[in-house]
Amino acid sequence: MNKNAELVIIGAGAAGLLAAVAAARLGIKALVLESSELVGGDTATGSGQMWLPATHLAATAGIFDSVENAVEYLGTILGEETQASTSIRRAVFANTAPKLARWLAASNLPLTLDRGVPDYHPADAGGLPEGRVVTTVPTDRRSLGDWAEKLRSKSPVEEASHLKQFVRAFTGSEGHAATGGEALVAELLRRATANGVEIRLDAQIISLENNDGIEVGVHVEGEDEILRPKALLLSAGGFAGSQELREEYLPLPTNAEWSLMSHNTGKLLKLAAGLGAQLSAMNDAWWTPVTVIDGRAYSLDAARKAPHSLIVDQAGDRYIDEAAPGAQIVNRQYQRSRGTRTIPSYLIMDQRHRKAVGLGPWAAGDTKGESEDLYSAKTLGGLADLLGIDEPGFLGTVVRFNGFAHKGEDQDFHRGESVWDRYALAHSKHAHVASLGKLTKKPYWAVKVYPGDEGTKGGLLIDENSQVIDTQGETIPGFYACGGAAASIMKGTSPGPGAALSEALVEAYLAVIHFSKHRGLG
Ligand SMILES: Cc1cc2nc3c(=O)[nH]c(=O)nc-3n(C[C@H](O)[C@H](O)[C@H](O)COP(=O)(O)OP(=O)(O)OC[C@H]3O[C@@H](n4cnc5c(N)ncnc54)[C@H](O)[C@@H]3O)c2cc1C
């Protein structure tokens, strides 16, 4: 292990690896410590979309955007400043996003604009109907050589997406293809290792040190000496995988089982807090409604947007536009749960929906799969009985919903009307039909809907240079944090698909730039 590293990066997800590549390009000796035996973190299991406003990719596609627009949009949707979501951090994020995209392009990392993907709130000031979401072009894992087997994979369910065919065409073999978040991590990993960055896997951190603001330290299990680099960057993700921390900080009820495959337990956040670092935004997460089938969480993104389905609470009432962005649904679910039983809620589907849309582990059309978490009945009354929800209320809700579907207008929650709803549908097989479709074809189906997440938003409070701030409001010299480990600026909402990852990358980039400018000055 390189004991003379100037910068020690803890965590090898997208944020940590981007920092490693940036450090190598700036001539900084970096060492990456990763606790698991695989590289890639939650990033590698995700879709890898990045919300990057005002990029050259948008400009090339003829889409007008600007940093000013992005700042205005963030101000509109995020509202009042908070400790973590300051106007300076928002502005620096918007200003750095296009620079980061150019820097990645200059590093030959193949990004592509996800055409047609709108912001979550495109009608708000500064919002856009498309142009801010980018992804990494699929890549071949074999190009990583020996590192290929150390790269975390997407789950088989995620992989069974529409990308498969495209990937087969691209690499000639889907078995070796990395797509989405896995592709991004693969590209960063290749550059980090090619530039000689040492990545130590299975490195368990025993303690962190902060000697009166003079020196940071990190003690790795099995090493006699404490590492004392010029700077530490914490990029070890959030705490979605820790039931204990969830119960301490997130709204209740909460369950680590409702998180989409999080590997991160927040252990180092607690260690850092013990050194005086301030935690912030700990009650928030990148929310998304999920169902749990046989102990595993699945996204309901496709299923809840498709026609012939609706979501009800335990009184059998609808309470939300089912196609809305995930954060909106989960926030409403928690808010409503104070007066009505909404956790879990139920996604109700008819037979047409099940034949046309994948659900949990089952592909579209697979109506034979069984689980005690999947409910089915020949009548709506029978389904209500099975779920233990109020039957008259539930039947009334479906009759009213079917009436809206008949007219093509959801007078209660306006499902299918917003730009986001229309995109959400256009992107599915159901582009030709409205989001509203009657539930009339038996049998009827249901799964539970839980307030799930794609990671937590709370973490170490950082400034606009990703420097960690202590409980006295002062920065801790040589201590940086980014991504899931840092408190997000995106309080209560999200500007568009991919904001978690873009924030993580921007913060990692800013940390390395800041360290590079100040490393000789300490
Ligand atoms: C299914 C899914 C889909 C998603 N899709 C998207 C998307 O499309 N766009 C988007 O913006 N966001 C998405 N997200 C969220 C996104 O993946 C995260 O916000 C992003 O991965 C954060 O990057 P990170 O580098 O901070 O964390 P991670 O990628 O999780 O990396 C953290 C790393 O730190 C390591 N680590 C943890 N603890 C320690 C320790 N004690 N010591 C050393 N190392 C440690 C972990 O093993 C891991 O390798 C998705 C998440 C999920 C689960």
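This structure is a prediction, so every number in the text was calculated from the model and none was measured.

Engineer: Please explain the packing of helix α5 (residues 87-106) against helix α17 (residues 499-518) as it appears in this structure.
Structural biologist: Angle between the axes and distance between the axes are the two parameters that describe a pair of packed helices. One way to put it is that α5 packs onto α17 with a least axis distance of 9 Å and a crossing angle of 85°. In terms of their interaxial angle, α5 and α17 are classed as roughly perpendicular. Residue-level inspection shows Arg89, Val92, Phe93, Thr96, Ala97, Lys99, Leu100 and Trp103 of α5 in contact with α17, the latter providing Ser502, Glu503, Leu505, Val506, Glu507, Tyr509 and Leu510. Its residues assigned to classes, the contact of α5 with α17 shows nine nonpolar, two polar and four charged.

Engineer: Is there a simple way to think about the packing of helix α4 (residues 67-78) against α5 in this case?
Structural biologist: Two elements in contact, α4 and α5, have axes separated by 9 Å at closest approach and are oriented at 140°. Taken together, α4 and α5 sit at an angle that is classed as oblique. Helix-helix and strand crossings are classified by hand; for α4 and α5 the assignment is right-handed. On α5, the residues that touch Val67, Ala70, Val71, Leu74, Gly75 and Leu78 of α4 are Arg90, Ala91, Phe93, Ala94, Asn95 and Pro98.

Engineer: Any chance you could explain the pattern of salt bridges here in plain terms?
Structural biologist: In a structure, side chains of opposite charge can pair up when their charged atoms sit close to one another. Scanning the entire structure with this criterion turns up 24 salt bridges. Arginine 318 is the salt-bridge partner of aspartate 410, the closest N and O atoms lying 2.9 Å from each other. Residue aspartate 410 is located in the loop between α15 (391-407) and α16 (419-426), and its partner arginine 318 is located in the loop between β15 (309-312) and α12 (326-336); the two are separated by 92 residues in the primary sequence. Residue glutamate 322 is joined to arginine 415 by a salt bridge in which the shortest nitrogen-to-oxygen separation is 3.1 Å. Pair noted here: glutamate 322 is in the loop between β15 and α12 and arginine 415 is in the loop between α15 and α16, with a separation of 93 residues, a long-range link. With respect to class, glutamate 322 is no different from arginine 415; both count as buried.

Engineer: I would appreciate a short explanation of the domain arrangement of the protein chain in the present structure.
Structural biologist: Interface extent is often summarised as the accessible area lost during association of the parts. If you check the domain split of the protein chain, you get domain 1 (7-235 + 457-518) and domain 2 (290-453). In this structure, domain 1 and domain 2 have C-alpha centres spaced 33 Å apart. With both sides pooled, the region where domain 1 packs onto domain 2 buries about 840 Å², and carbon together with sulfur makes up 71% of that total. Between domain 1 and domain 2 we count one residue pair in polar contact (both at pLDDT 80 or more) in total. In terms of residue class, the side of domain 1 that touches domain 2 is built from six nonpolar, four polar and one charged.

Engineer: What exactly am I supposed to notice about the site of the ligand here?
Structural biologist: Near the ligand you find 34 residues, and of these Glu34, Thr43, Leu260, Asn264 and Leu501 are the closest. Contact between the ligand and alanine 500: an oxygen atom at 3.2 Å from a main-chain N or O atom of the residue. For the shell around the ligand, the elements supplying multiple residues, two or more each, are α1 (14-25), α2 (41-45) and α17. Per element, the largest residue contribution to the shell around the ligand is four residues, and it comes from α2. When the residues that make up the shell around the ligand are grouped by side-chain class, the tally is 13 nonpolar, 17 polar and four charged.

Scoring rules and cut-offs
- Residues numbered from 1 in each chain as written.
- Predicted model: local features only at pLDDT ≥ 70, side-chain atom pairs only at ≥ 80, totals over all residues.
- Heavy atoms only, no water.
- Axes fitted to C-alpha atoms, helices over the stretch in contact; angles between N-to-C directions.
- Helix = DSSP H or I, 4+ residues; strand = E, 2+ residues; numbered from the N terminus.
- Parallel < 35°, antiparallel > 145°, perpendicular 65-115°, else oblique.
- Contact = heavy atoms within 4.5 Å.
- Nonpolar A, V, L, I, M, F, W, Y, C, P; charged D, E, K, R; others polar.
- Left-handed = near helix turned anticlockwise from the far one by under 90°.
- Salt bridge = Lys/Arg side-chain N within 4 Å of Asp/Glu carboxyl O.
- Buried < 20%, exposed > 50% of the residue type's maximum accessible area, 1.4 Å probe, protein only.
- Domains from an automatic or database assignment.
- Buried area = accessible area lost by both parts, 1.4 Å probe.
- Polar contact = N/O pair within 3.5 Å; in protein donor to acceptor, adjacent residues only side chain to side chain.
- Near = heavy atom within 4 Å.

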